[in-house]
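Okay, here's what each chain looks like letter by letter:
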Amino acid sequence: MAWIDTGNDLPGIRSLMAYRPDTAEALNALAEVLLRKDEGLSKGERELLATYVSALNGCHFCQRIHGAVATYYCGEELTLQIRNNIIDDNISPRMVWLFRLAAAVQQLKRSNIQDIIFLARQAGITDIEIHDTVLIAAAFCMFNRYVDGLGTFAPDDPDLYTARAKKIAEDTGYQLSKPS
Amino acid sequence: MAHISLPGELPGMQALLAYRPAIAPPLLQLMQVLMREKSVLPMADRELLAAAVSTANHCGSCSGIHGAIAAQLSGKPVGWVHQQCVDDTSLPQPLQQYLALGKAIAHREFRVGQRIIAAMQLEGVDTQAIHDVVLIASLFTLFNKYIDGLGLESKETEASLAERANHIAKNGYHTNQNHQDGLD
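Rules and cut-offs
- Residues numbered from 1 in each chain as written.
- Chains lettered and ligands numbered in written order.
- Predicted model: local features only at pLDDT ≥ 70, side-chain atom pairs only at ≥ 80, totals over all residues.
- Heavy atoms only, no water.
- Helix = DSSP H or I, 4+ residues; strand = E, 2+ residues; numbered from the N terminus.
- Rg over C-alpha atoms; globule rule 2.2 N^0.38 Å.
- Buried < 20%, exposed > 50% of the residue type's maximum accessible area, 1.4 Å probe, protein only.
- Areas by Shrake-Rupley, 256 points an atom, 1.4 Å probe, with all protein chains shown as cover.
- Lys, Arg positive; Asp, Glu negative; His and termini not counted.
- Charge placed at Lys NZ, Arg CZ, Asp CG, Glu CD.
- Expected span 1.5 Å × (residues − 1).
- Contact = heavy atoms within 4.5 Å.
- Core = buried A, V, L, I, M, F, W, Y, C linked by side-chain atoms within 4.5 Å.
- Buried area = accessible area lost by both parts, 1.4 Å probe.
- Salt bridge = Lys/Arg side-chain N within 4 Å of Asp/Glu carboxyl O.
- Polar contact = N/O pair within 3.5 Å; in protein donor to acceptor, adjacent residues only side chain to side chain.
- Phe/Tyr/Trp six-rings, centres within 6.5 Å; stacked < 30°, edge-to-face > 60°.
- Lys NZ or Arg CZ within 6 Å of the ring centre and 35° of its normal.
- Arc of directions from axis to C-beta.
- Axes fitted to C-alpha atoms, helices over the stretch in contact; angles between N-to-C directions.
- Parallel < 35°, antiparallel > 145°, perpendicular 65-115°, else oblique.
- Nonpolar A, V, L, I, M, F, W, Y, C, P; charged D, E, K, R; others polar.

Q: Provide a residue-level description of the overall build of chain A, including the pertinent values.
A: Looking only at helices and strands, chain A has nine helices and zero strands in total. When the helices and strands of chain A are placed in sequence order, the string is α-α-α-α-α-α-α-α-α. Whereas a compact globule of 180 residues would reach a radius of gyration of roughly 16 Å, chain A reaches 16 Å, a difference of no more than 12%. With the C-alpha coordinates of chain A rotated into their principal frame, the extents come out at 50 × 30 × 25 Å. For chain A, with 180 residues in total, the buried portion stands at 60%. Accessible surface, chain A as shown: approximately 7,300 Å² in total, 50% of it carbon and sulfur. Where the 18 positive side-chain charges of chain A centre and where its 23 negative ones centre are 3 Å apart.

So this is what it looks like as structure tokens:
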């Protein structure tokens with residue numbers, strides 16, 4: 001159960017979304033525009049960034065559900081590596097810059113951000129990709145705080161996340177997903 | 001100079017919303033629901049909370065505009081508002097608790113936040129008020145990191161902030177005709 005009475009026993013952000021549908025609608029619309037496009041960054045790369053930032057923030061629910069969606073697109077091995085913050089030679093140079101940028105935004109290290117963006121642009125990463133990476137990182141700093149700041153719970157059963165991720169990837173996206 | 005090439009000379013969030021128009025509707029809708037719609041949290045208190053969280057996150061451009069809006073809505077001087085953002089001890093309860101909870105969320109001090117929530121619940125603070133304080137603090141952490149992550153610098157003066165704050169205080173964030181209106 002969450003630290004406030006949400007009137008339901010749903011896990012993670014879904015408990016809060018069922019409690020406050022007005023804000024849920026806007027939050028789902030935001031997740032949709034951030035994560036469900038293949039322009040610049042692919043859907044899989046966007047989910048990996050969401051998983052990475054959620055793991056850095058220690059948010060169990062978010063890293064597991066977005067990790068499950070990332071697994072759907074990118075496979076389990078890469079997703080686990082990202083969740084464990086192992087940024088090594090198995091990661092494409094382009095994605096290494098984007099993970100570094102996301103981590104710098106998560107920690108809000110201004111001087112690092114400026115240097116990383118300078119080098120990322122030299123490596124051919126576009127402004128739109130930089131923009132979207134910064135906004136995905138910033139947005140998951142919001143989602144993670146919302147989920148953990150109200151003490152929602154994250155179930156252990158991995159199948160729950162896998163099933164939900166499949167539904168998001170193949171059917172509803174975020175815009176049309178329902179909390180229950 | 002921002003870290004990416006942005007069109008025109010729009011201030012703060014307006015430049016980013018113009019650059020990536022698809023993100024404007026959900027962000028403005030969130031702002032409108034959380035900051036403007038009827039709630040047990042007075043509108044001026046919500047703006048003060050936004051300014052205090054932005055101060056805790058060292059985002060001058062967000063604390064500037066939302067502090068100016070809080071000043072207009074509360075009828076207090078801007079200087080008083082910014083003083084409360086760094087030292088809230090003279091504020092009444094539960095406003096002081098709202099700010100303390102908001103800062104705990106900004107800093108990811110969730111155990112501290114849990115204790116503040118428990119204290120608020122003992123004193124009978126409304127559940128939706130607690131929910132909204134946490135979500136407002138989380139949302140402003142997004143804005144602060146977004147603006148600072150892209151290196152936007154505020155070129156505003158006290159007068160230009162007051163003018164924009166006045167417009168937002170009167171009209172809110174949600175605009176059907178033009179997303180460049182409103183949000184900072």
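What follows picks up the thread again.
Q: Tell me about helix α2 (residues 21–35) of chain A, and name the residues and values.
A: Side chains of residues three or four places apart in an α-helix project in the same direction, reflecting 3.6 residues per turn. Helix length check: α2(A), at 15 residues, gives a terminal C-alpha distance of 20 Å against a target of 21 Å (1.5 Å per residue), a fit within 8%. Counted residue by residue, α2(A) has eleven buried out of 15 residues, so it is predominantly covered. Turning to α2(A), its buried residues are A:Thr23, A:Ala24, A:Ala26, A:Leu27, A:Asn28, A:Ala29, A:Leu30, A:Ala31, A:Val33, A:Leu34 and A:Leu35. On its buried face, α2(A) sits against α1 (12–19), α3 (43–56), α4 (60–74) and α8 (127–149) of chain A together with α2 (24–35) and α8 (127–149) of chain B.

Q: Any chance you could break down unusual backbone geometry for me, citing the residues and the numbers?
A: A cis amide bond links B:Gln93 to the next residue, B:Pro94, at an omega of 5°. The topology assignment puts B:Pro94 in the loop between α5 (78–86) and α6 (95–106). Within the chain, A:Leu108 stands out as a residue other than glycine whose phi angle is a positive 50°. Mapped onto the elements of the fold, A:Leu108 is located in the loop between α6 (93–107) and α7 (110–122).

Q: Can you break down the nonpolar core residue by residue, with the values?
A: One finds A:Phe143, B:Tyr98, B:Leu101, B:Leu142, B:Phe143 and B:Tyr146 to be the most contacted residues of the largest nonpolar core, which totals 124 residues. Non-local contacts of B:Tyr98, meaning those with residues more than four positions away in its chain, are made with B:Leu41, B:Leu49, B:Met120, B:Val125, B:Ala129 and B:Val133.

Q: Describe the interface of chain A and chain B, and please don't skip the residues or the numbers.
A: Interfaces are frequently sized by the accessible area removed from exposure as the parts join. In this complex, chain A contributes 44 residues to the contact, which on the side of chain B involves 42 residues. Taking both partners together, chain A and chain B bury about 3,900 Å²; carbon and sulfur atoms supply 66% of that area. Scanning the region where chain A abuts chain B turns up three salt bridges. We note a salt bridge from B:Arg20 to A:Glu39, for which the minimum N-O separation is 3.7 Å. The interface formed by chain A and chain B contains 16 residue pairs in polar contact (both at pLDDT 80 or more). Broken down by secondary-structure element, the contributors of at least two residues to the side of chain A that touches chain B are α1, α2, α6, α7 and α8 of chain A.

Q: I'd like a description of the packing of aromatic side chains, backed by residues and values.
A: Inspection of the entire model under this criterion finds five aromatic pairs over all chains. Relative to B:Phe143, the ring of B:Phe140 has its centre 5.3 Å away and its plane inclined at 65°; by these criteria the two rings are edge-to-face. Here B:Phe140 and its partner B:Phe143 are both found in helix α8, three residues apart, which amounts to about one turn of the helix. Per residue, the accessibility class of B:Phe140 equals that of B:Phe143, and both read buried. Positioned above the aromatic ring of A:Trp97 is the side chain of A:Arg100, whose terminal nitrogen or guanidinium carbon lies 4.9 Å from the ring centre.

Q: Describe in detail helix α7 (residues 110–122) of chain B, supporting the description with residues and values.
A: Residue and element names in this part refer to chain B. Taking 1.5 Å per residue as the helical rise, α7 with its 13 residues ought to reach 18 Å, and the 18 Å between its terminal C-alpha atoms agrees with that figure. Residues of α7 that are buried: Phe-110, Gly-113, Ile-116, Ile-117 and Met-120. The buried residues of α7 occupy an angular sector of 115° when projected down its axis, which confines them to one face. Exposed residues on α7 whose side chains face more than 90 degrees from its buried face are Arg-111, Arg-115 and Leu-122. One or two positions beyond α7, positive phi appears at Gly-124, with a value near 85°.

Q: Give me the lowdown on the side chain of A:Asp132, citing residues and values where you can.
A: As for its placement among the helices and strands, A:Asp132 is situated in helix α8. The class of A:Asp132 is buried, set by a relative accessible area of 4%. If we ignore the near neighbours within four places in the chain, the residues touching A:Asp132 are A:Leu41, A:Arg46 and B:Arg20.

Q: With reference to specific residues and values, describe the pattern of salt bridges.
A: Tallying each qualifying case throughout the model produces eleven salt bridges over all chains. Between B:Asp132 and A:Arg20 there is a salt bridge, with the nearest N and O atoms lying 2.7 Å from each other. Of this pair, B:Asp132 sits in helix α8 while A:Arg20 is found in the loop between α1 and α2, placing the two residues in two different chains. A single burial state applies to B:Asp132 and to A:Arg20, both of which are buried.

Q: Before we move on, can you summarise the packing of α1(A) against α2(A) with the specific residues and values?
A: A pair of packed helices can be characterised by two numbers: the angle between their axes and the separation between those axes. All names here are of chain A. Taken N-terminus to C-terminus, the directions of α1 and α2 make an angle of 130°; their axes are 6 Å apart at the nearest point. Relative to α2, α1 is oriented oblique. Along its contact with α1, which presents Met-17, Ala-18 and Tyr-19, the element α2 presents Pro-21, Ala-24, Leu-27 and Asn-28. Taken together, the residues of the contact of α1 with α2 break down into six nonpolar, one polar and no charged.

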